[in-house]
Amino acid sequence: MIVKPKIRDFICTTAHPEGCRQNVLYQIEYTRKIGKADGYKNVLVVGSSTGYGLASRIAMTFGYGAATLGVMFEKPPTDRRTATAGWYNNRAFEAEAEKAGVFAKTINGDAFSKEVKEEAIEIIKNNMGKIDLVVYSLAAPRRTVDEDHVYSSVLKTIGAEFKSKNLNLRTNEINEAVIPTGNNDEIVATVKVMGGEDWQDWIEELKQADLLADGCKSVAYSYIGPELTYPVYFNGTIGMAKRHLAETAEKLTEMGVDSYISVNKALVTQASAAIPVVPLYTAILYKVMKEKGLHEDCIMQMNRLFRERMTVENVVTDDEGKIRVDDWEMRDDVQQEVMKRWDAISNETVQELADVEGFWHDFHNMFGFNIDGVDYDADVDIL
Ligand code: NAI
């Protein structure tokens, strides 16, 4: 099949197998260049096939030679449809791990379910020994607890509707986004999906099965960002879920598993492209950080996290106990420049003040497109 991108708003419904493989190879190469080190040995990554979770897993496998179990929720290919990008990413990752002689197994199923947790426990018991790091990097639209309890997360404000400048992803023009307020049920549902309840379930199940090593650590990812995105993020429905995630970290630590929130940089991923207002902020941020030589992608962020902020021996946090790898994004000079451009940006200046091209480049890349050296006119086996 000749595979071309089919983009609808913030989602691409096709993925290129060879492009996805190249993405994974780039991340492996980047990690290998930093060099091998002593570190975590047995790692569980929940949400392991794209974005920050995939980068965490690659950092573990090729930086530390760690055995990993990944959990993802991805669609395999059929005769007529490509797989999702995460499925191709994972296949490429597993092939490279095997070549390197490092254990890597993946469960493709619903991480929220009891069955997947039980399967994970079996695999860990039979193949890995005790886990010394649990990475929780799930970004999910919904969670099924049982037939009668299906929760969907929403990206809404709390209290008052929010009007803001926005990048229209269909036209690349600046328009106004109006973000409605979430009601109480929607807040509760978003916390159910993106809060810490399921993270806690994973840790409790592993603990009960006696599969957590002494000194085992855990980390989940969060975002804070600038005040201009507070109504839609930090103080919105997703922000409530992230607060719950942070409270869960404290709870898990009290239970004896040192657990942390790592606040990461805003990056184009499947999860973040779906949030209104955030793509425009990200496009401006990319331009400013690239100009200052501070831009990082997922694999750079995750290597910095595990090499400098969250090693086996030492965890570096801010006053609130959070790990900050959004530190360069939040630097005063970066934020001041972003705010200046945010105020000035219009249809006439958008290309000059924001890295719209960079945004779309990363967006296409996530699905294996626009990658140097890949022939997109060639027939490719999608199976
Ligand atoms: P992503 O969309 O790239 O990755 C989500 C992962 O979760 C994928 O591996 C997917 O297969 C898996 N997944 C989704 N539903 C699942 C289910 N039911 N069962 C098993 N696996 C499932 O997302 P991204 O952006 O890497 O997000 C990961 C975490 O990082 C999230 O907590 C997000 O809030 C956080 N974060 C993201 C930032 C960004 O700018 N992208 C910034 C800071 C934090």
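Let me sum up the structure you'll find in this document.

### Topic: the overall build of the protein
- Along the backbone of the protein there are 12 helices and 13 strands.
- A globule of 383 residues ought to have a C-alpha radius of gyration of about 21 Å, and the protein, at 20 Å, matches this closely.
- Contacts spanning at least 24 positions in sequence make up 78% of the contacts within the protein whose residues lie at least 6 apart.
- Accessible surface computed for the protein: about 16900 Å², of which carbon and sulfur atoms make up 47%.
- Across the protein, 43 positive and 60 negative side-chain charges occur, with their mean positions spaced 2 Å apart.

### Let's talk about the sheet that holds strand β12 (residues 258-263)
- Taken together, 7 strands build an open sheet; the order of strands is β5-β4-β3-β6-β11-β12-β13 and the sheet is parallel. Bordering the open sheet on either side are β5 (104-108) and β13 (323-324), each of which pairs with just one other strand.
- As defined by bridge partners, strand β6 (residues 131-136) adjoins strand β11 (residues 212-222) across 5 bridges and the pair is classed as parallel. Along β11, the bridge assignment pairs Tyr 136 with Ala 220.
- Relative to the sheet, helix α6 (residues 197-208) contacts β3 (42-46), β4 (67-72), β6, β11 and β12, its axis offset from that of β11 by approximately 170°.
- Sheet contacts for helix α7 (residues 237-254): β11 and β12; angle to β12, the most-contacted strand, approximately 155°.

### Section: the environment of Asn 303
- Residue position: Asn 303 is located in helix α9 (residues 298-309).
- The spacing of Asn 303 and Met 60 is 243 residues in sequence and 8.7 Å in space, taken between C-alpha atoms.
- With near-sequence residues (within four places) excluded, Asn 303 lies in contact with Tyr 30, Thr 31, Ile 34, Ala 59 and Glu 308.
- Within the structure, the side chain of Asn 303 is placed 3.2 Å from the side chain of Thr 31, a separation counted as a polar contact.

### Some details on the side chain of Asn 89
- On the secondary structure map, Asn 89 appears in helix α3 (residues 85-99).
- Owing to a relative accessible area of 4%, Asn 89 belongs among the buried residues under this scheme.
- Side-chain polar atoms of Asn 89 contact the backbone oxygen of Ser 49, separated by 3.0 Å.
- Sequence-distant contacts of Asn 89, that is, excluding residues within four places in its chain, are made with Cys 20, Val 24, Ser 49, Thr 50 and Leu 54.

### Looking at α3
- With 15 residues, α3 should cover 21 Å at 1.5 Å per step; its first-to-last C-alpha distance of 21 Å lies within 8% of that length.
- Note on α3: the residue one or two positions beyond its end, Gly 101, has a positive phi of about 75°.

### Description of helix α12 (residues 356-366)
- Within α12, 9 of the 11 residues are buried, which leaves it mostly tucked inside the rest of the structure.
- When α12 is considered as a whole, its buried residues turn out to be Val 356, Gly 358, Phe 359, Trp 360, Asp 362, Phe 363, His 364, Asn 365 and Met 366.
- Of the residues trailing α12, Gly 368 is marked for its positive phi of about 85°.

### Re the pattern of salt bridges
- A full pass over the atoms with the stated rule returns 23 salt bridges.
- A salt bridge links Arg 143 to Asp 201; the shortest N-O distance between them is 3.9 Å. One end of the pair, Arg 143, is in strand β7 (residues 142-146); the other, Asp 201, is in helix α6, with 58 residues separating them in the sequence.
- Classification of Arg 143 as buried rests on a relative accessible area of 5%.
- As a salt-bridge pair, Arg 324 and Asp 326 come within 2.8 Å of each other at their nearest N and O atoms.
- When salt bridges that share partners are traced, they join Arg 143, Lys 192, Glu 197 and Asp 201 into one network.

### Quick notes on the pairing of strand β10 (residues 173-179)
- Inspection of the sheet shows strand β9 (residues 162-168) paired to β10 by 7 bridges, in the antiparallel sense. When the bridges of β10 are listed, Leu 167 appears paired with Ile 174.
- Here β9 hands over to β10 after 4 residues, with Asn 172 in that stretch at a positive phi of 60°.

### Here we look at the site of the ligand
- Around the ligand lies a shell of 30 residues, among which Ser 49, Glu 74, Ala 111, Lys 242 and Thr 269 are the nearest.
- Contacts to the ligand include Glu 74, whose side-chain N or O atom sits 2.8 Å from an oxygen atom.
- Protein contact buries 93% of the 840 Å² of open area that the ligand shows by itself.
- Those elements that provide at least two residues to the shell around the ligand are α2 (51-64) and β11.
- Its residues assigned to classes, the shell around the ligand shows 14 nonpolar, 12 polar and 4 charged.

### A closer look at unusual backbone geometry
- Located in the positive-phi region is Asp 210, a residue other than glycine, with phi close to 55°.
- Within the secondary structure, Asp 210 is located in the loop between α6 and β11.
- At Val 277, a position not held by glycine, the phi torsion is positive, near 75°.
- In this structure, Val 277 sits in the loop between β12 and α8 (278-291).
- Classification of Val 277 by relative accessible area gives buried; the value is 0%.

Cut-offs used in this document
- Residues numbered from 1 in each chain as written.
- Predicted model: local features only at pLDDT ≥ 70, side-chain atom pairs only at ≥ 80, totals over all residues.
- Heavy atoms only, no water.
- Helix = DSSP H or I, 4+ residues; strand = E, 2+ residues; numbered from the N terminus.
- Rg over C-alpha atoms; globule rule 2.2 N^0.38 Å.
- Contact = heavy atoms within 4.5 Å.
- Areas by Shrake-Rupley, 256 points an atom, 1.4 Å probe, with all protein chains shown as cover.
- Lys, Arg positive; Asp, Glu negative; His and termini not counted.
- Charge placed at Lys NZ, Arg CZ, Asp CG, Glu CD.
- Pairing = 2+ DSSP bridges.
- Axes fitted to C-alpha atoms, helices over the stretch in contact; angles between N-to-C directions.
- Polar contact = N/O pair within 3.5 Å; in protein donor to acceptor, adjacent residues only side chain to side chain.
- Buried < 20%, exposed > 50% of the residue type's maximum accessible area, 1.4 Å probe, protein only.
- Expected span 1.5 Å × (residues − 1).
- Salt bridge = Lys/Arg side-chain N within 4 Å of Asp/Glu carboxyl O.
- Near = heavy atom within 4 Å.
- Nonpolar A, V, L, I, M, F, W, Y, C, P; charged D, E, K, R; others polar.

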